[in-house]
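# Chains, contacts and geometry: an overview
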Amino acid sequence: MSINVTRRQFFKLGGAGLASSSLAMMGFAPEPAEASIRQFKLTHAKETRNTCTYCSVGCGILIYSKGDGSKNVEQNVFHIEGDPDHPVSRGSLCPKGAGLLDFVHSKGRLEYPQVREAGSSEWTRISWDEALNRIARHMKDDRDANFVQRTAQGETVNHWTTTGFLAASGSSNEAGYITHKVVRNLGMVAFDNQARV
Amino acid sequence: MTNHWVDIRNANLILSMGGNSAEAHPVGFRWVTEAIEHNKAELITIDPRFTRTGAVAQDKAFIRTGTDIAFLGGLISYLIETDQIQREYVLNYTDAALIVREDYGFEDGLFSGYDESTRSYDKQSWMYEMGDDGFARRDASLQNPRCVYQLLREHYSRYTPDMVSSITGITVDNIQRIWKKIAAMAVPDKTMTILYALGWTQHSIGSQIIRTAAMVQLLLGNMGMPGGGVNALRGHSNIQGLTDLGLLSQLLPGYMTLANAKEQDYRAYIDKRTKQPTVEGQVSYWKNYEKFHVSLMKTWYGDAANEGNDWCFDWLPKLERPLYDILDTFERMSKGELNGYFCQGFNPLASFPNRAKVTRALSSLKYLVVMDPLNTETSEFWKNYGEYNDVDSSQIGTEVFRLPTCCFAEDEGSIVNSARWLQWHWAAAPPPGDSRPDTRIMGELFLKLKQLYQAEGGVFPDPILNLTWDYRIPADPKADELAREFNGRALEDLTDEQGNVTRRAGEQLAGFAELTADGRTASGCWIFTGCWTEAGNQMANRDNSDPYGTGNTLGWAWAWPMNRRILYNRASADVQGRPWGPEKAFIWWDGEQGAWVGADVPDFPTNSPPSQGQMPFIMQPEGVGHLFAGQSMVDGPFPEHYEPFESPVPQNLLHPGKERARNNPAARIFDEDREALGKPEEFPHAATTYRLTEHFHFWTKHAELNAIVQPQQFVEIGEALASEIGIVAGDWVKVSSKRGFIKAVAVVTKRLRPMMIGDRQVHHVGIPLHWGFTGVAKKGYLVNALTPFVGDANTQTPEYKSFTVRVDKV
């Protein structure tokens, strides 16, 4: 069987594994070419552009997932590689980034809201509604009890110092922005992100 | 970064100091090797350890941790005394010629205005002398003994090669050879780039180390130049973005600042931040502060914010102490002064100093909320893991909620890399189980609180009840809505001076020059204005063409501010607007077009001709780069070397016998934490923490592949120290500080060598930081059991990179 492979597709194949790299060693070229017997595993994958989540180089990545996006079909990420078009990373990933797939599917991923009650030595699964209701109750009780509108000298400060918030420098700008908007308008000042350390 | 990753290839010399990019930023480091291969550049590394960055360097030196200001201060003296500075640049583009007030001084290691009781300075004298015209006085001959240039020369005259050698442990030969190579970059058409990371920030003098580097770059004429700059290689994928968005205790978005309690008057608050030019005719861009501020207030409060109520100035919290930083917060928490705490993608039990104190602090909370994709150590701080986390759950009364969030692969939005590029990404799959995006969690939590305030009333509900919340699904704001919001839009038609409509109400703004101080515009983060315009999402741009061959891909993503890739790039041209050399042509003045043109978006008023005399550093009131910091730092207008708070050396060799000048005199340290500092007799070795190539912080120990390639905790110990304590490679050792201990396998290595400091031999102990008690790698000890609870005087970033330990065979 003969297929046409564009240069771009060829490089995608090249990044994909041993099978294609051994083809390259045999002089396989991006013109009419002999296909391997097995369907190439990325052929029917959905490709999503993303950015590596680790350091600040911001390497471009391509995430491959199964599922065609139709209703009742859940996408499942099964391969991640460097984006060859990216002007900084040009398709490379480092030893950290090479393990991104295992981060996505880590056994350590949390799946459900949980609570550890005072004095307990275990977690209990709870619903989102219960979790957020209880958290909101704690916050309001603390804020109403300890919010400072004026200092002893009569200065208006309108701040809340008895609850603090650490934000995530691994999250997106949009998450950071809405976090700031909410946290600051509750009056919180003990507010930092990893940039502090 | 003032410059960007690809631009490193334009450097003629690369100084890597306070960082190890080959291991911590491996793909970015390829642009260093590119410069070596194709631009004949040299790489110089200066580090306590032989690192993988050092392994490919053409020249290197080993420095005692925490002594970088001594090395760089000596370099400044060398550049001045041998007259190897970029003179035209220094004279015109820096404050070298400005005159400093008579009462500024420096004596016995202290700057004028020191108050020992508060460990702080009255900074009044740290200022230029102002003439009768209201502008700073100047001496273009640089001969006036009070001009910045002469004061700088005097300040660093003490940093002789012998003195630098005795402090840093680098031999005089090595010092002089490296200084000579750096000085060669003072010619107009050669540049050095400086790459640094947390090896510079995590010191009690961290901010001043970085300032010293910036001063060197000004003297060499390397700021604003392709292949130049001072480049912070930041530690997380969006730590730049969260800083830009102001998620720090004293900030608002776009580097605006909250008022302190003394600032009760709105007009005075604005006036103080509205920087007027201090040299005639300069741009001084912060003079527009009120436009940025009012646009933020309109974004957050909509119609509720108007001129009559000072745009709701009092709705924002005001600060009663200089900073509510994490050290201050955990000090207060450890004393029971906090009830609640949120950790959104942040693992403080692992990441904050003096882990015993952090455990004590978290145990005193009423409630803790952890939002994370992973089961972090912090979320299980109450759970007994034997020696790795030796706590009694029954004695810990903190209620802990753990909320599962999405990771990058399930998230849509933008993140900002070290080069200030906002790059958009898309979600590839739904998250596992019932995990939710942070945006939705914050949205729902806010709405629940708002409902409680609506139903029950409560204290000062105004900002909660009036906060704008026009999202399509209120409980689940989407990334595109939020990005459009921080970009900003016109609330009414905007017009030019002739009354022509330049922007219709409701349209997205194209840049922050459109912002107004009268409430007609909204923008949630002024420096991001331009990222999502009427032309669409600029952060998703994917044109990687490089029309000028400078590595400047303006069509890829979007960089703040205004898509500029090299900050201060007006300085890449001389006073007449011509490039300093053909190899360094970047932007220049085109007389025919009457505009600045070239490979980048000019960081300058586009049509301001060189004859108008505006200088390149448009954010500074003087228009020039600061060799003299004025009042912008809390610990001195010139950097000075002080010892780390825990040092193997008993005194500051620049100020022998002056106890007040041993450590940074303006750094804050709480009493209990001062008591917890070790003495050299008991803890004789210098220790430093760091990352490995195969791991990212405490995350990748949860990823199988990374756990396989680097499964087990270890510490690095030099051969001399190993033989002193009788261990061989593979033995277990216990590393202790005054605050705690870890146990790990010893890697005995030639990569760490003892150095002579004065009359004593100092060993370094290298402590990689990636292990803990959750994850799929082998369990290990959190290394911040060892580190001291003291931070940089300006930022309060903890001193993780310089402390002292002892090492025992287990």
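What counts and how
- Residues numbered from 1 in each chain as written.
- Chains lettered and ligands numbered in written order.
- Predicted model: local features only at pLDDT ≥ 70, side-chain atom pairs only at ≥ 80, totals over all residues.
- Helix = DSSP H or I, 4+ residues; strand = E, 2+ residues; numbered from the N terminus.
- Buried ≥ 20, exposed ≤ 12 C-beta atoms within 10 Å, placed from the backbone.
- Contact = placed C-beta atoms within 7 Å.
- Rg over C-alpha atoms; globule rule 2.2 N^0.38 Å.
- Domains from an automatic or database assignment.
- Nonpolar A, V, L, I, M, F, W, Y, C, P; charged D, E, K, R; others polar.
- Pairing = 2+ DSSP bridges.
- Axes fitted to C-alpha atoms, helices over the stretch in contact; angles between N-to-C directions.
- Parallel < 35°, antiparallel > 145°, perpendicular 65-115°, else oblique.
- Left-handed = near helix turned anticlockwise from the far one by under 90°.
- pLDDT = per-residue confidence, 0-100.
- Expected span 1.5 Å × (residues − 1).

### Topic: the overall build of chain A
Helix and strand counts for chain A come out as five helices and 11 strands. Expressed as a percentage of its 197 residues, the buried residues of chain A come to 47%. Restricting to contacts in chain A with at least 6 residues of sequence separation, those with at least 24 account for 40%.

### Looking at the overall build of chain B
When its secondary structure is counted, chain B shows 22 helices and 33 strands. Taking 810 residues into account, the globule formula puts the C-alpha radius of gyration at 28 Å, and chain B, at 27 Å, falls close to it. Considering only C-alpha atoms, chain B reaches an extent of 85 × 70 × 55 Å along its principal axes. Looking at chain B as a whole, 60% of its 810 residues qualify as buried. In chain B, of all internal contacts separated by at least 6 residues, the share reaching a separation of at least 24 is 70%.

### Focus: the domain arrangement of chain B
Here the domain parsing of chain B yields domain 1 (6-97 + 159-232), domain 2 (242-320 + 485-498 + 515-526) and domain 3 (659-809). The straight-line distance from the C-alpha centre of domain 1 of chain B to that of domain 2 of chain B is 37 Å.

### Things to note about the interface of chain B and chain A
With 140 residues of chain B at the interface, the matching set in chain A holds 103 residues. In terms of residue count, the dominant contributor to the side of chain B that touches chain A is helix H17 (residues 438-456) of chain B (10 residues). Of the residues contributing to the side of chain B that touches chain A, the split by class is 74 nonpolar, 46 polar and 20 charged. Pairing between strand E6 (residues 114-116) of chain A and strand E14 (residues 399-404) of chain B: three bridges, direction antiparallel.

### Description of the pairing of strand E28 (residues 732-737) of chain B
Successive side chains on a regular strand alternate, one facing one side of the sheet and the next facing the other. Residue and element names in this part refer to chain B. Here E28 shows a clear split, with Val 733, Val 735 and Ser 737 buried on one side and none of Trp 732, Lys 734 and Ser 736 buried on the other. Note that E28 and strand E29 (residues 740-749) share six bridges and pair antiparallel. Bridge assignment links Trp 732 to a residue of E29, and that residue is Val 745. Between E28 and E29, which pair antiparallel and follow one another directly, the connecting turn spans two residues.

### Some points on the domain arrangement of chain A
Residue and element names in this part refer to chain A. Looking at chain A, the domain boundaries give domain 1 (2-104), domain 2 (110-145) and domain 3 (147-197). Between domain 2 and domain 3, the residue contacts involve four residues of the former and five residues of the latter. Taken together, the residues of the side of domain 2 that touches domain 3 break down into one nonpolar, no polar and three charged.

### Thoughts on the environment of Trp 526 of chain B
Mapped onto the secondary structure, Trp 526 of chain B falls in the loop between strand E20 (521-522) and strand E21 (532-533). A sequence separation of 191 residues divides Trp 526 of chain B from Ile 717 of chain B, and the C-alpha atoms of the two residues are 48 Å apart.

### Thoughts on the sheet that holds strand E9 (residues 230-232) of chain B
Strand pairing in a sheet relies on backbone hydrogen bonds. The paired strands run either parallel or antiparallel. All names here are of chain B. With respect to topology, five strands assemble into an open sheet ordered E3-E2-E1-E8-E9, the strand pairing being parallel. Pairing within the sheet leaves two strands with one partner each, and these edge strands are strand E3 (59-62) and E9. Across the sheet, the mean angle from the axis of one strand to that of its neighbour is 15°, orientation sign disregarded. In the sheet, strand E1 (residues 13-17) pairs with strand E2 (residues 42-47) via five bridges, with the strands oriented parallel.

### Some words on the packing of helix H4 (residues 68-81) of chain B against helix H10 (residues 206-219) of chain B
Residues and elements named next belong to chain B. It is the contact of H4 with H10, at a shortest axis distance of 9 Å, that shows an interaxial angle of 20°. Between H4 and H10, the angle falls in the class roughly parallel. Helix-helix and strand crossings are classified by hand; for H4 and H10 the assignment is left-handed. Contacts from Asp 68, Ile 69, Leu 72, Gly 73, Leu 75, Ile 76 and Leu 79 in H4 reach Gln 208, Ile 209, Thr 212, Ala 213, Met 215, Val 216 and Leu 219 in H10. Residue classes in the contact of H4 with H10 are distributed as 10 nonpolar, three polar and one charged.

### Points about the sheet that holds strand E26 (residues 685-690) of chain B
Judged by pairing direction, the barrel is mixed, and its six strands sit side by side in the order E26-E32-E27-E29-E28-E33 (chain B) before closing back on the first. On average, adjacent strands in this sheet sit at an angle of 45° to one another, irrespective of strand direction.

### Remarks on the confidence of the model for chain B
Averaged over all residues, the pLDDT of chain B equals 98, while 100% of them reach at least 70. For this predicted complex, the interface confidence score (ipTM) comes to 0.98, while the overall pTM stands at 0.95.

### Here's the deal with the packing of helix H7 (residues 161-168) of chain B against helix H8 (residues 172-183) of chain B
Residues and elements named next belong to chain B. Interaxial distance between H7 and H8 falls to 9 Å at its minimum, and their mutual angle equals 115°. Judged on the interaxial angle alone, H8 and H7 are roughly perpendicular. Of the two elements, H7 crosses H8, and the hand of that crossing is right-handed. Counting all contacts with H7, which are made through Pro 161, Asp 162, Val 164 and Ser 165, the residues of H8 involved are Val 172, Ile 175 and Gln 176.

### Here we look at the environment of Trp 311 of chain B
Here Trp 311 of chain B is to be found in the loop between helix H13 (289-301) and helix H14 (326-334). When sequence neighbours within four positions are dropped, the list of residues in contact with Trp 311 of chain B reads Val 294, Met 297, Ala 305 and Asn 306 of chain B.

### Section: the confidence of the model for chain A
Do not read the fine detail of predicted coordinates wherever pLDDT is low. Confidence along chain A averages 86 in pLDDT terms, with 80% of residues attaining 70 or more. Taken together, the stretch residues 10-28 of chain A has pLDDT below 50 and engages in 16 contacts with residues farther than four places along the chain or on a different chain.

### Some points on the environment of Thr 274 of chain B
Residue and element names in this part refer to chain B. Mapped onto the elements of the fold, Thr 274 is located in the loop between helix H12 (266-273) and H13. For Thr 274 and Thr 33, which are 241 residues apart along the polypeptide, the C-alpha to C-alpha distance reads 43 Å. Dropping the residues within four chain positions of it, Thr 274 is found in contact with Trp 286, Lys 287, Tyr 289 and Glu 290.

### Quick notes on helix H19 (residues 479-487) of chain B
Of all the positions in H19 of chain B, only Ala 479, Leu 482, Ala 483, Glu 485, Phe 486 and Asn 487 of chain B are classed as buried. Those residues of H19 of chain B that are buried lie in contact with helix H5 (173-185) of chain A together with H13, strand E15 (413-416), H17 and E21 of chain B.

### Topic: the pairing of E1 of chain B
All names here are of chain B. The buried fraction of E1 is high, at five of five residues. Burial of E1 is two-sided: the residues Leu 13, Leu 15 and Met 17 facing one way and the residues Ile 14 and Ser 16 facing the other way are all buried. Examined bridge by bridge, E1 and strand E8 (residues 192-196) share four bridges and lie parallel to one another. Counterpart to Ser 16 in the pairing with E8 is Leu 195.

### Considering unusual backbone geometry
Residue and element names in this part refer to chain B. At the junction of Trp 560 and Pro 561, the peptide bond is cis and its omega measures out at -10° in the coordinates. Checked against the element boundaries, Pro 561 lands in the loop between strand E23 (558-559) and strand E24 (587-590). The phi dihedral of Cys 312 falls on the positive side, at around 65°, and the residue is not glycine. Tracing the chain through its elements places Cys 312 in the loop between H13 and H14. For Phe 460, which is not glycine, the phi torsion reads 40° and is therefore positive.

### Section: H8 of chain B
Across its 12 residues, H8 of chain B extends 16 Å between first and last C-alpha, which sits within 8% of the 16 Å expected from 1.5 Å per residue. Buried-residue contacts for H8 of chain B involve E1, H4, H7 and E8 of chain B.

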